[in-house]
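Letter by letter, the chains look like this.
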Amino acid sequence: MQRKGILRFLSVIFISLFIILYNGNKIIKNLNQTEFEEETPFFNETYIFDYVETEEKEAQETVEEPQNNVKDEDTEEIVQTAAGAVKGKIITSYASPYAGSTSYSGVYLKNSTTANINLKSLLESKLGFEIKSGDQPQVLIMHTHTTESYMMNDSDVYTEDYTSRSTDDSKNMVKIGGIIAQKLNAAGVKTVHAKKHHDYPRYNGSYGRSANTVTEYLKKYPSIKVVLDIHRDALSKNESDKVKLVTEIDGKKAAQVMLVMGSETGSVKNHPKWKENLKLAVKLQNLLAKDYPTLARPIRLVSSKYNQNLTTGSLLIEVGTDANTLEEACYSAELLGNTISKLLK
């Protein structure tokens, strides 16, 4: 009887410790997620967006190392879908370009700051720099979160073995940035592409490391006027389902894109020329609305820097989500490259 009492006592202690550890891990996980929410007209649930600055969240997925022995598409499909059980759905949706709180001449902006924004004035004002032809680089393309990646195959579900980060540059943001760089260089806008992985092996501190990269390139090439930090977004309908944002352009699926701009508002300091960056973003958004009316979501203005204080021609561009396919993102990169080239020529 005494032994049974001791066993029951130990069982209660074990169960209590398990509950404490489980809840503690959930709290820690929530503290690590520094994402913020955006309202959407498509679902009652809230999409969670992948916006982080220097107070970054820990990476939620394991970064995938390159698989040199995986070559053909059939093998890649097996790796992507066969190993794990289904973890959640892939929900296909479309974000209206016309959902901004402020608009003018095809430019819609969601303003999450206290700043008053005059889109007309920004659109009609001249840029503070001039892109020159020749051999001197005018544009730098880089990636703060280089290992962000995409689905390899179009699917209605994703499995537990799926990872939305990869060190394979044929799958991650280097691939997307390379397409944009090719378009710009082909148009005569001399562009350099920094392919360094700033978020691997450590995710925290990515913006500090990418700031060092931008500073090094600006020192090496003082001719650089524009810095494009190319990312991909991450959206979810709930804890398990991922959302991909797609539009059809000329008969092909394209991942929707979004310009995310920082500002010296709230607690943000040392970003006095943020409106010069916003001016460039507004002009690009206006041209995208003319070239590909459904491609770009509204500009998002937030109280952050995103290293945009380093130049007066800095843009953060989100290309698709982690539920979009690489093919959809690559097509969007081509379209982006076309319009950016037209704007800067």
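This write-up is about the structure you can find in this document. Remember, predicted model here, so these are calculated numbers, not experimental data.

1. Quick look at the packing of aromatic side chains
(1) Moving on: Tallied over the entire structure, the rule returns four aromatic pairs.
(2) Moving on: Geometrically, the ring pair formed by Tyr158 and Tyr162 is edge-to-face, given 6.2 Å between the ring centres and 70° between the ring planes. Residues Tyr158 and Tyr162 agree in their burial class; the two are buried.
(3) Moving on: Ring geometry for Tyr207 versus Tyr306: centroids 6.0 Å apart, planes at 50°, classification tilted. Taken as a pair, Tyr207 in helix H5 (residues 206-220) and Tyr306 in the loop between strand S13 (299-301) and strand S14 (314-321) lie far apart in primary sequence, 99 residues in all.

2. Thoughts on unusual backbone geometry
(1) Moving on: Cis geometry marks the peptide bond from Tyr200 to Pro201, where omega comes out at 10°.
(2) Moving on: Mapped onto the elements, Pro201 comes out in the loop between strand S8 (191-193) and H5.

3. Brief notes about the side chain of Arg232
(1) Moving on: Residue placement: Arg232 occurs in strand S9 (residues 226-233).
(2) Moving on: Residue Arg232 is classed as buried on the basis of its relative accessible area, which comes to 2%.

4. A short note on the sheet that holds S13
(1) Moving on: Taken together, eight strands build an open sheet; the order of strands is S4-S5-S13-S12-S14-S9-S6-S8 and the sheet is mixed. If you trace the sheet from one side to the other, it starts and ends with strand S4 (102-104) and S8, each paired once. Neighbouring strand axes in the sheet, compared pairwise and without regard to direction, differ in orientation by 25° on average.
(2) Moving on: Pairing geometry for strand S6 (residues 139-142) and S8, over three bridges, is parallel. Following the sheet pairing, Ile141 is matched in S8 by His193.
(3) Moving on: Sheet strands touched by H5: S6, S8, S9 and S14. Its angle to S6, the strand with the most contacts, is close to 155°.
(4) Moving on: Here helix H7 (residues 326-344) sits on the sheet and contacts S6, S9, strand S12 (257-261) and S14; the angle it forms with S14, its principal contact strand, is near 155°.

5. Notes on the environment of Leu228
(1) Moving on: Of note, Leu228 is situated in strand S9.
(2) Moving on: Judged by relative accessible area, which is 0%, Leu228 ranks as buried.
(3) Moving on: When the C-alpha positions of Leu228 and Leu316 are compared, they lie 6.1 Å apart, and in sequence the two are 88 residues distant.
(4) Moving on: The contact partners of Leu228, leaving out residues within four places of it in the chain, are Val139, Leu140, Ile141, Met142, Leu184, Leu315, Ile317 and Ile340.

6. Examining the nonpolar core
(1) Moving on: Of all hydrophobic cores here, the largest spans 51 residues; its most connected members are Ile176, Leu228, Leu278 and Ile317.
(2) Moving on: With nine residues, H7 is the single largest residue contributor to this core.
(3) Moving on: Setting aside anything within four residues of it in sequence, one finds Ile317 in contact with Leu228, Asp229, Ile230, His231, Met258, Leu259, Leu284, Leu336 and Ile340.
(4) Moving on: If you look at the next biggest cluster of nonpolar residues, it comprises seven residues, including Leu140, Val192, Ile224 and Val227.

7. Observations concerning the sheet that holds strand S3 (residues 86-93)
(1) Moving on: In spatial order, the strands read S7-S3-S10-S11; together these four strands make up an open sheet with mixed pairing. Either end of the sheet is taken by a strand with one partner, and the two such strands are strand S7 (157-159) and strand S11 (252-255). For this sheet, the mean inter-axis angle between neighbouring strands, taken without regard to orientation, is 40°.
(2) Moving on: Here strand S10 (residues 242-249) runs beside S11; their pairing, made up of four bridges, is antiparallel.

8. Some words on the packing of helix H6 (residues 274-291) against H7
(1) Moving on: Closest axis-to-axis distance for the H6/H7 pair is 10 Å, and the angle between their directions is 120°. One way to sum up the angle between H6 and H7 is to call them oblique. In the crossing of H6 with H7, the sense of the turn from one axis to the other is right-handed. Each of Leu280, Lys283, Leu284, Leu287, Leu288 and Asp291 in H6 lies in contact with H7, whose residues at this interface are Leu336, Thr339, Ile340, Lys342, Leu343 and Leu344.

9. A look at the pattern of salt bridges
(1) Moving on: Within this structure, the stated rule accounts for nine salt bridges.
(2) Moving on: A salt bridge links Glu124 to Lys120; its shortest N-O distance comes to 3.2 Å. Taken as a pair, Glu124 and Lys120 lie in helix H3 (residues 119-124) at a separation of four residues, close to a single helical turn.
(3) Moving on: Across the salt bridge formed by Lys244 and Asp154, the nearest N and O atoms sit 3.0 Å from each other.

10. Concerning the side chain of Asp229
(1) Moving on: Here Asp229 lies in strand S9.
(2) Moving on: Notably, Asp229 is buried but unbridged: the nearest opposite-charge side chain belongs to Arg165, and the N-O separation is 11 Å.
(3) Moving on: Of note is the side chain of Asp229, whose polar atom sits 2.6 Å from the side chain of Thr144.
(4) Moving on: Beyond its immediate chain neighbours, meaning those up to four positions away, Asp229 contacts Met142, His143, Thr144, Tyr207, Leu315, Leu316 and Ile317.

11. Points about H6
(1) Moving on: For H6, built from 18 residues, the straight-helix expectation of 26 Å at 1.5 Å per residue is met to within 8% by its first-to-last C-alpha distance of 26 Å.
(2) Moving on: Among the 18 residues that make up H6, 13 are buried, leaving the element largely enclosed by the rest of the structure.

About the criteria used
- Residues numbered from 1 in each chain as written.
- Predicted model: local features only at pLDDT ≥ 70, side-chain atom pairs only at ≥ 80, totals over all residues.
- Heavy atoms only, no water.
- Phe/Tyr/Trp six-rings, centres within 6.5 Å; stacked < 30°, edge-to-face > 60°.
- Buried < 20%, exposed > 50% of the residue type's maximum accessible area, 1.4 Å probe, protein only.
- Helix = DSSP H or I, 4+ residues; strand = E, 2+ residues; numbered from the N terminus.
- Pairing = 2+ DSSP bridges.
- Axes fitted to C-alpha atoms, helices over the stretch in contact; angles between N-to-C directions.
- Contact = heavy atoms within 4.5 Å.
- Core = buried A, V, L, I, M, F, W, Y, C linked by side-chain atoms within 4.5 Å.
- Parallel < 35°, antiparallel > 145°, perpendicular 65-115°, else oblique.
- Left-handed = near helix turned anticlockwise from the far one by under 90°.
- Salt bridge = Lys/Arg side-chain N within 4 Å of Asp/Glu carboxyl O.
- Lys, Arg positive; Asp, Glu negative; His and termini not counted.
- Polar contact = N/O pair within 3.5 Å; in protein donor to acceptor, adjacent residues only side chain to side chain.
- Expected span 1.5 Å × (residues − 1).

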